[in-house]
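Spelled out from the first residue to the last, the chains are:
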Amino acid sequence: MTIADSASFMDNGSLCFPCTPHEEAKIVKELTDKAESCSEEGDLYYVISNRWFSRWQRYVGEETGEYMSEELSTDKEASSLKKAGERPGPIDNTDIITNEGGRDVSDLQLPRTLIERSDYVLVPQVVWEKLHGWYTGGPALPRQMISLGIQKTLSVEVYPLALKVIDSRDKSEIIIHISKKASLRKLYEQVSSLKRVDTEKVRIWDYFNNCKQTALVSSDQTLEESNLQMDQSILFDVQIDEFIPSGFGMDSTGNQLALVLMEPPRSSRTIAGGPSLSNGNGPDYGYGSTLYQGPTVGSVSTDTEHKRDSVRSDLQRDRGLAGLQNLGNTCFMNSALQCLVHTSPLVDYFLQDYINEINKQNPLGMRGELAVAFGELLRKLWSSGRTVVAPRVFKGKLARFAPQFSGYNQHDSQELLAFLLDGLHEDLNRVKQKPYIETKDSNGRPDEEVANEFWSYHKARNDSIVVDVCQGQYKSTLVCPDCGKISITFDPFMYLSLPLPSTATRSMTITVFYGDGSGLPIPFTVSVPKYGYCKDLFQALGTACCLESDETLILAEVYEHKIYRYLDNGESLPTIKDDECIVAYRLLKKHAEFPMLEICHRYLENVKPDERTRSLTPLVTHLEGAKSGTDIELAVNRVLSPLKRKVLLSTNTSDGMKVNGLVSDTTEESTSDCQMDTQVAHPFGDKDSEEAYSNELSFRLCINDDRGMSGKPILKDSVVKPSKIVKIVLDWTDKDHELYDSNYLKDLPMVYKPGLTVKKTKQESISLFSCLDAFLKEEPLGPEDMWYCPGCKEHRQATKKLDLWRLPDIIVFHLKRFSYSRFLKNKLDTFVNFPIHNLDLSKYVKNKDPSGGANVYELYAISNHYGGLGGGHYSAYAKLVEEDRWYHFDDAHVTPVSEGDIVTSAAYLLFYQRVKTSKLNEPTGESSKVHEDF
């Protein structure tokens, strides 16, 4: 539960410090919001080391938002990163800069392995100027805001394009950094200035892979549009007496230069820019194809024809075995592409004539450009033998239409796959004008009727090769928990994202405090899913402490005797480390509308004011209708009441004076540990005369300022201002210690204290079927996904149940290995055992209509992810159906792999194809029954 901090809440109880942490945070937030609300292309942002910025955030009391990777952080490291509130020193960016390849200190660059919010943050120029004015330091790392793609999405270019300039005169090399949105004219000017040569005498070549590709003509065309890649080379030529040394139109050896065309040519012999077909059965690999244009000759000798036949034979034999060059962290793209280009229905489609199906008018599509780029790439991969293909043109189109994949950071292969399938569908949608269709509720009609109706509606608006082979349909059932209203819909899907149900658990010890003062704090040890969420901890703790239906728990982390943060239900449990101290405050739900009172403690006696340190565990309660300091005192007394020491009732005194001491056998107990004190207004015996204290309270209470220090004391007539949370400090006197046993607030247990020996856990294993079961199980919607019930006319937390209804010929399973939370990113390396042959999904399909075909599938491709987050690597396994053999596609490297070696814990995306009915009776090497038993 995230609770906003309060500002000053007392009219006469607040201290005003110039440039307080709170004021710094407020100024930065206002400047950031204003800058981001009117940001435009060309604005400057500054890169700041997250190591320094997080210290500043902790100083001003903000959540750091740091991402911690579980496998890379220890408990102590996490704690030290998160907690410390001292004012940071000068801004220090030295940990995130590198000058490798740079010319001087003005060309400072960042290592490309850095991750935003984990290693660095971006702030607007006005924020940088303010922070730099407060703290000085540096060095300054300005970056420009650029627009990406046809949607003109604004993004800060953290990593400008790095180009290696090779001087053809002396083969010297120099690295330059320039925006990818810069024009070729700007490139000419920058390189000419560096080389001190007149721009008119310069010619620059695209020298990708150290081979002349094409001349770059000085123009307004951007470097991005010219398909220049990070770290690639460009060749610098200088004209001498109207002669360019390496020859225009010739490579460095004097041969005719082969140009790579930016757009595929169109002719009567090509289909959508690809090779022509021979007899309608396959590509024509002759040199008449646009992919194999060579020098023009008047006649062809017999030897040349023989060589071409040999090349054609080699290409036929190695079809589908071309690797993809890594263009800089593009292994995620290469992995997903290899899986798609080895999907048989898509191969058949794009190797034939699809030009008439390109939809250039679809506003949801990309004018057919993405489909053409993908088709061209597929044709190259299937007609290049084992030649490595550089997907520069495709990546350029991808960046144009999906700016999130621009740049050279690592991305998620599943996210790329989702975009690509959807983009191909819209580019190839046969429906040119989508009709408006208003869906109807099921209203108790048969599922078959409703499902067919929904599918016909979907097909009326969406009809493409992607829909034909990749889209299925599932049944979604929502049930209102109040009125019992049932809503059934049938929705299409393109892939299934399956959770990995973990059987691993962890023990957590949490101390529960009674916010109403009805009991003493009690520690509970509960077992929760290792990769679960705070809602799982909430449920386990509620069961353990017998939480009533009218009560709730507020979870918080205590650090250095103060509440460091509150935990909401969506918080990932791996963010809570074993050496942390977590508490739960037990409060009544009906009081949630009242402000919360947060009480920290200090020991007062015999200590100088500036040496007072916090102690004990903070307490939390609600302020019911609080208007003054007296109301705060009542709340403090109420929450402390269980800590009152048991007292002796003296029979020799008539004034009822309480004597402090231990209870003996001959004494009568006046109160029990769990009993509410009935003398709330007069808690201190001999101090029960209100006139004796004038305007002072019985407790020494002070407000808590932004720095975590106490301000002015709270008096009876201090006015409470409205606020979600009120923070105060209770200064304990010796008298308070005599009346209350503070030992109950000492020595909080850690979440988990391991023994001397820790067993190494075996890698967890689950089956694909258990993942499907977890995906299809009934569960309540989260509070953020409330459903509007047409019966109640209110948003309700309904229960949802999914069922598979109609399966596609190609089904993709996405194993959800990655989880993200506010403070942590995590990857599950759980081994998922999945069938290679005969994956029978019949029992999961509710539609029993046999016309849909058999629901048995064969695996044909896998996208793998190795390593952790940020520094991982993608590759692919794909099966060549003609050879009945598996291959490993690792960027440019393609090697055979045994079928027995493809089932690994790295599997991320699984591609299955429906088995034709004629093949179902053929013997296979594996049975799905084995996996189901597993």
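Preceding block: the structure.
Quick caveat: nothing in here was measured; it's all calculated off a predicted structure.

A.B. asks: What should I look at first to understand empty space enclosed by the protein in this one?
C.D. replies: Using a probe with the size of a water molecule, rolled over the atoms, empty space left in the structure can be pinpointed. Summed over the entire model, instances satisfying the criterion amount to 4 cavities of 30 Å³ or more. Of the pockets and cavities examined, the largest cavity occupies roughly 140 Å³. As for the largest cavity, its lining consists of 14 residues, of which Glu 224, Leu 228, Gln 229, Lys 395 and Tyr 408 are closest to the centre. Of the residues forming the lining of the largest cavity, the biggest block, 4 residues, is contributed by helix H10 (residues 392–401). Approximately 70 Å³ is the volume attributed to the second largest cavity. As for the second largest cavity, its lining consists of Phe 513, Tyr 514, Gly 519, Pro 521, Leu 619, Val 639, Pro 642, Leu 643 and Leu 745.

A.B. asks: Please explain the sheet that holds strand E18 (residues 505–514) as it appears in this structure.
C.D. replies: Sheet strands pair via backbone hydrogen bonds, and the direction of the pair is either parallel or antiparallel. Judged by pairing direction, the sheet is mixed, and its 5 strands sit side by side in the order E19-E18-E22-E20-E21 without closing on themselves. Both edges of this open sheet fall to strand E19 (522–529) and strand E21 (562–567), since each of them pairs with a single strand only. For this sheet, the mean angle separating the axes of adjacent strands, direction not counted, is 40°. Summarising the sheet, strand E20 (residues 551–559) and strand E22 (residues 581–588) pair through 8 bridges and their orientation is antiparallel. Within E22, the position partnered with Glu 551 by the bridge is Leu 588.

A.B. asks: Mind showing me how you'd approach helix H4 (residues 125–135) here?
C.D. replies: Residues that lie three or four places apart on an α-helix share one face, since the helix turns once every 3.6 residues. Taken residue by residue, H4 has Val 127, Trp 128, Leu 131 and Tyr 135 as its buried positions. Seen from one end, H4 has its buried residues packed into an arc of 100°, which puts them on one side. Contacts made by the buried residues of H4 are with helix H1 (21–37), strand E1 (44–49), helix H2 (50–60), strand E3 (91–92), strand E4 (120–124) and strand E5 (137–138). One or two residues past the end of H4 sits Thr 136, with phi positive at roughly 55°.

A.B. asks: Explain the layout of surface pockets here, please?
C.D. replies: A volume near 1,900 Å³ is recorded for the second largest pocket. Lining the second largest pocket we find 42 residues, and of these Pro 499, Tyr 533, Lys 535, Glu 779 and Lys 816 sit closest to its centre. Elements supplying a minimum of two residues to the lining of the second largest pocket: strand E16 (486–493), strand E17 (496–498), helix H14 (534–544), helix H17 (768–776), strand E29 (779–780), strand E32 (799–806) and strand E34 (818–820). Examining the composition of the lining of the second largest pocket, we find that 4 residues originate from one element, H14, more than from any other. Residue classes in the lining of the second largest pocket are distributed as 23 nonpolar, 11 polar and 8 charged.

A.B. asks: Would you mind going over the packing of aromatic side chains with me for this structure?
C.D. replies: Throughout the structure, instances matching the rule amount to 20 aromatic pairs. Ring geometry for Phe 350 against Phe 374: centres 5.1 Å apart, planes inclined by 75°, an arrangement best described as edge-to-face. Taken together, the residues Phe 350 in helix H8 (residues 344–350) and Phe 374 in helix H9 (residues 369–381) connect sequence positions 24 residues apart. As far as burial versus exposure is concerned, Phe 350 and Phe 374 are alike and both buried.

A.B. asks: For this particular structure, what's the right way to read unusual backbone geometry?
C.D. replies: Outside of glycine, negative phi angles account for most residues, and trans bonds account for most peptide bonds. That bond from Gly 138 to Pro 139 is cis: its omega, 0°, falls within 30 degrees of zero. You can see Pro 139 is positioned in the loop between E5 and strand E6 (142–148). Backbone geometry at Asn 210 places phi at a positive 55°, although glycine is not the residue there. Backbone geometry places Asp 891, a non-glycine residue, at a positive phi of 55°.

A.B. asks: Explain the pattern of salt bridges here, please?
C.D. replies: A side chain of one charge can pair with a side chain of the opposite charge when the charged atoms of the two come close. For the structure shown, the criterion picks out 35 salt bridges. Arg 169 is paired through a salt bridge with Asp 167; the nearest N and O atoms lie 2.8 Å apart. With relative accessibility at 44%, the residue Arg 169 sits in the partly exposed group. Taking the relative accessible area as the measure of exposure, Asp 167 reaches 1% and is therefore buried. A salt bridge links Asp 463 to Lys 459; the shortest N-O distance between them is 3.4 Å.

Parameters and conventions
- Residues numbered from 1 in each chain as written.
- Predicted model: local features only at pLDDT ≥ 70, side-chain atom pairs only at ≥ 80, totals over all residues.
- Heavy atoms only, no water.
- 1 Å grid on protein atoms, 1.4 Å probe; cavity = no way out; pocket = protein on both sides within 12 Å on 5 of 7 lines; lining within 4 Å.
- Points joined across faces, edges and corners; volume = space filled by probe spheres on them.
- Helix = DSSP H or I, 4+ residues; strand = E, 2+ residues; numbered from the N terminus.
- Pairing = 2+ DSSP bridges.
- Axes fitted to C-alpha atoms, helices over the stretch in contact; angles between N-to-C directions.
- Buried < 20%, exposed > 50% of the residue type's maximum accessible area, 1.4 Å probe, protein only.
- Arc of directions from axis to C-beta.
- Contact = heavy atoms within 4.5 Å.
- Nonpolar A, V, L, I, M, F, W, Y, C, P; charged D, E, K, R; others polar.
- Phe/Tyr/Trp six-rings, centres within 6.5 Å; stacked < 30°, edge-to-face > 60°.
- Salt bridge = Lys/Arg side-chain N within 4 Å of Asp/Glu carboxyl O.

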